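# Report on the structure
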Amino acid sequence: MRITLVSTYTHPIALGMRYVSSYLKAAGHDVQCLFMSSKRDTARADFSQAALEDLIERVRERDLIGMSLMTNTFHRACALTERIRAAGVKAPILWGGTHPTVAPDESIEVADVICVGEGEEPTLQLVEALEAGRDPTGIGSLGFRAGGPFGAGRLIRNEVQPLERDLDDYPFPDYELETHWIAARDGLEPARLDNLRGTLHRLRIETTRGCPYPCGFCNNAALLKVYRGKGRWVRTRSADNVIAEVRQARACFPTIEAVNVVDDLFFVRSEEEIEDFAEKYARQVNLPIELDAFPNTISEAKVRSLSRVRIALISMGIQSGSRDTLKNIYNRPTPIEDIVEGMRVFKEYRIPTEYHYIVSNPYEPERNVIETMRFIADHHERAAVLRVFPLMFYPGTPLYERAREDGLIGQRDEFAYQYMYTGGLQFAKHDYLSVWLRLTLHLRNVGVPRWLCHRVIDFGTARPTRWLLDHKWFTPTMYALWQISRKVFRNLIYQPFIRPFKYLRRKPRYEELHPEDEVTLPRNNMAAATAREREPAAREESRARRRAAGPQPTARWTVPDVNLHALRRRGVVLAAGSAAESEVGAKGRVPLHTLATSSN
Ligand code: B12
Ligand code: SF4
């Protein structure tokens, strides 16, 4: 069957969609992936006219269109869906990803079909049913729109399918670039290493699915509800399987410089499992790796094992330094002592770290925010990346339900639909205390002594200061001053005095390591070349040149010829050396049903 999958994200990572794609391809289907990404991080449908026209051409002759979205790409997905329908394309439109999973009612009003939760099997079952001319409306995890092409116009919502237990026999995500296109100003371009915005420079990899904790602000709490009673939610891949994926990626894509583990909870593994992973990873890959950590799951033994590999970054969500907020508002079972111990261990093993806090929480009393500032002043030990996020009420989460009941938000929290990166939102929300919290974090980060940080907190939270500064204009003014001082620092201090020294110590860039791939113009021709490039023909020519000479894959990434996971699900056994097995090898991808030679 001919299927097109469309990513609505501004960044062309879309790992979930890549998993669905390879699952379908390995089962013998013809799949194309279109990444409707954008250079700006925006929730608006900012697609170029040319990209939209190319999209319509690419989906016109397809049998099914799948779209992947999260809450802040809902408007982008709606715009694409409307546009495809308006062009008279007949294929049904299936939505999957985080948003249809946590906001199915809203999604099913727009898409013809929605997939709730993990999408590999339900999508394959849908494809098989459509191909065989069977009614798909009984397939678990799927929902069908009232008045849509299925179910005689009725709204149908099926229960989610039981969770897959074994993740090791899933085909790896799809990076077959020859079937992928990326949105650009002048239309859809074939995917290349140099237009994937770093997707194949920093390889995103999922080594676990699920997290056992129910934090009130997190999507995982919504998923725990969706999958209650459907099997084991937290599942891990074996170290060998994860490493095989990284090695395959590295063998194909010379650009990969680091591995970014996107798991909710990599540290859910036991100490022995982490030791095994670290030992194998260090020996077989040892690319810099980035991980996320949750305080309760960190132990010295785990960090010691991991310190053997090249850790580029461990990010830990602290969220608040107040026990009351953690326990009673976020429902986050993290004792403060565990957070402090985690920070200590990272420091001892010299692990580069990033810590996250949540601010602008309307349920949090001011004294708790001040407690968090005190916590920061007391416990942050050395330079770390510090990130502050304002609380967003994402659909399906316990805090979202609470905010709706309390009338704090309407049917939905518009911020969650309209903002991509939420770092700047605290300024939009005029939250004075969160600005002060950010200030304390930065002071501690640049090594200002504890006592002085406490004095700054005293000053910032004292009555007269609050009386003077706690006005709507304060936060925007601070924001403006912050931006101006950054510019001043950059132009007057960093550029002339710091950068030249950094330059001497910097890592060589990809082009410098591989001069054979390099496409540069002699410096003195730059101005003339830029002027020439303004003409469309010249632009096209230079694009073609870049395409030909940009970094190229060194081997072809291929999705397996046979979908072992789907075969196992269907009870099909492929005996080693069987006729079916050699048929697979000889013919390349074979549709699943032709392989059903024996079953148990
Ligand atoms: C990697 C990641 C990112 C990456 C890449 C995102 C991307 N464009 O691909 C980056 C760092 C860019 C990112 C950014 C943000 N992210 Co993010 N991110 C994740 C993370 C950690 C992993 C996603 C992933 O790859 N999962 C692995 C795959 C296999 O799972 P999956 O995506 O769910 O896919 C499965 C199903 O959903 C389904 N499916 C997916 N697509 C499709 C398509 C079809 C057709 C079908 C049928 C099924 C289907 O099948 C897949 C396989 O089973 C998730 C948390 C999580 N564990 O999912 C958060 C998460 C998706 N992010 C989230 C948020 C809030 C953000 C930010 C807004 C953060 C912020 N505060 O600034 C920004 C948005 C910026 C932007 N430009 O979009 C929230 C989304 C909540 C929501 N309701 O939308 C999540 C769930 C985190 C959380 N726990 O709350 N993120
Ligand atoms: S531990 Fe992390 S991933 Fe798990 S529910 Fe809490 S915030 Fe979400």
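Here the structure is shown first, and the text comes after it.
A separate point is unusual backbone geometry. Of note, the phi angle at serine 141 is positive, near 75°, even though the residue is not glycine. Counting through the fold element by element, serine 141 comes out in the loop between α6 (120-132) and β6 (142-144).

A separate point is the packing of helix α13 (residues 366-379) against helix α17 (residues 432-445). Where α13 contacts α17, the two axes come as close as 9 Å, and the packing angle between them is 5°. Relative to α17, the element α13 is oriented roughly parallel. Where α13 approaches α17, its residues Glu366, Val369, Thr372, Met373, Ile376 and Ala377 are matched on the opposing element by Leu433, Trp436, Leu437, Thr440, Leu441 and Arg444. A breakdown of the residues in the contact of α13 with α17 according to their chemical character gives eight nonpolar, two polar and two charged.

Time to look at helix α7 (residues 219-226). Listed in full, the buried residues belonging to α7 are Asn219, Ala221, Ala222 and Leu223. At its buried positions, α7 is contacted by α4 (98-102) and α14 (398-405).

What follows concerns the nonpolar core. Ranked by internal contacts, the top residues of the largest apolar core, which has 136 residues, are Met36, Ile65 and Leu94. There are two domains that each give this core at least three residues, and those are domain 1 (2-170) and domain 2 (202-463). Sequence-distant contacts of leucine 94, that is, excluding residues within four places in its chain, are made with Leu64, Ile65, Gly66, Ala111, Asp112, Val113, Cys115 and Leu126.

Moving on, we come to the pairing of strand β9 (residues 187-190). Bridging between strand β8 (residues 180-184) and β9 involves four bridges; their strand directions are antiparallel. Note on β9: the bridge partner recorded for tryptophan 181 is proline 190.

Time to look at the sheet that holds strand β16 (residues 353-359). Within a sheet, adjacent strands bond to each other through the backbone by hydrogen bonds, running parallel or antiparallel. Across the sheet, six strands lie side by side as β10-β13-β14-β15-β16-β17; this open sheet has parallel pairing. Two strands close off the open sheet at either side, each with one partner strand: β10 (202-205) and β17 (385-390). Strand-to-strand twist in this sheet, taken as the mean axis angle between neighbours without regard to direction, amounts to 20°. Across the face of the sheet, helix α8 (residues 239-252) comes into contact with β10 and β13 (258-261) while running at roughly 150° to β10. Of the strands in this sheet, β16 and β17 are in contact with α17, which crosses β17 at around 175°.

Take the sheet that holds strand β4 (residues 93-96) next. Strand order in the open sheet made by the nine strands is β7-β6-β5-β4-β3-β1-β2-β8-β9, with mixed pairing throughout. Strands at the two margins of the open sheet, each flanked by one partner only, are β7 (156-157) and β9. Examined bridge by bridge, strand β1 (residues 2-7) and strand β2 (residues 30-35) share six bridges and lie parallel to one another. Note that in β2 the partner of valine 6 across the bridge is leucine 34.

We now examine the site of ligand 1. For ligand 1, the set of nearby residues contains 43 residues, the closest of which are Tyr9, Gly16, Gly66, Gly96 and Gly119. Sorting the residues of the shell around ligand 1 by element identifies α1 (15-26), β3 (64-68), β4, α4, α6 and α7 as the ones contributing at least two each. Of the residues that make up the shell around ligand 1, three or more belong to each of domain 1 (2-170) and domain 2 (202-463).

Moving on, we come to the pairing of β4. Burial along β4 is two-sided: the residues Ile93 and Trp95 and Leu94 and Gly96 are all buried. Examined bridge by bridge, β3 and β4 share four bridges and lie parallel to one another. Within the sheet, the bridge partner assigned to serine 68 lies in β4 and is glycine 96. A crossover links β3 with its parallel partner β4, the connecting element being helix α3 (residues 74-86), and its sense is right-handed. Here β4 pairs with strand β5 (residues 113-115) via two bridges, running parallel. Bridge pairing in β5 places tryptophan 95 opposite isoleucine 114.

Scoring rules and cut-offs
Residues numbered from 1 in each chain as written. Chains lettered and ligands numbered in written order. Predicted model: local features only at pLDDT ≥ 70, side-chain atom pairs only at ≥ 80, totals over all residues. Helix = DSSP H or I, 4+ residues; strand = E, 2+ residues; numbered from the N terminus. Axes fitted to C-alpha atoms, helices over the stretch in contact; angles between N-to-C directions. Parallel < 35°, antiparallel > 145°, perpendicular 65-115°, else oblique. Contact = placed C-beta atoms within 7 Å. Nonpolar A, V, L, I, M, F, W, Y, C, P; charged D, E, K, R; others polar. Buried ≥ 20, exposed ≤ 12 C-beta atoms within 10 Å, placed from the backbone. Core = buried A, V, L, I, M, F, W, Y, C linked by C-beta atoms within 7 Å. Domains from an automatic or database assignment. Pairing = 2+ DSSP bridges. Near = placed C-beta within 6 Å. Right-handed = clockwise from strand over helix to strand, strands pointing away.

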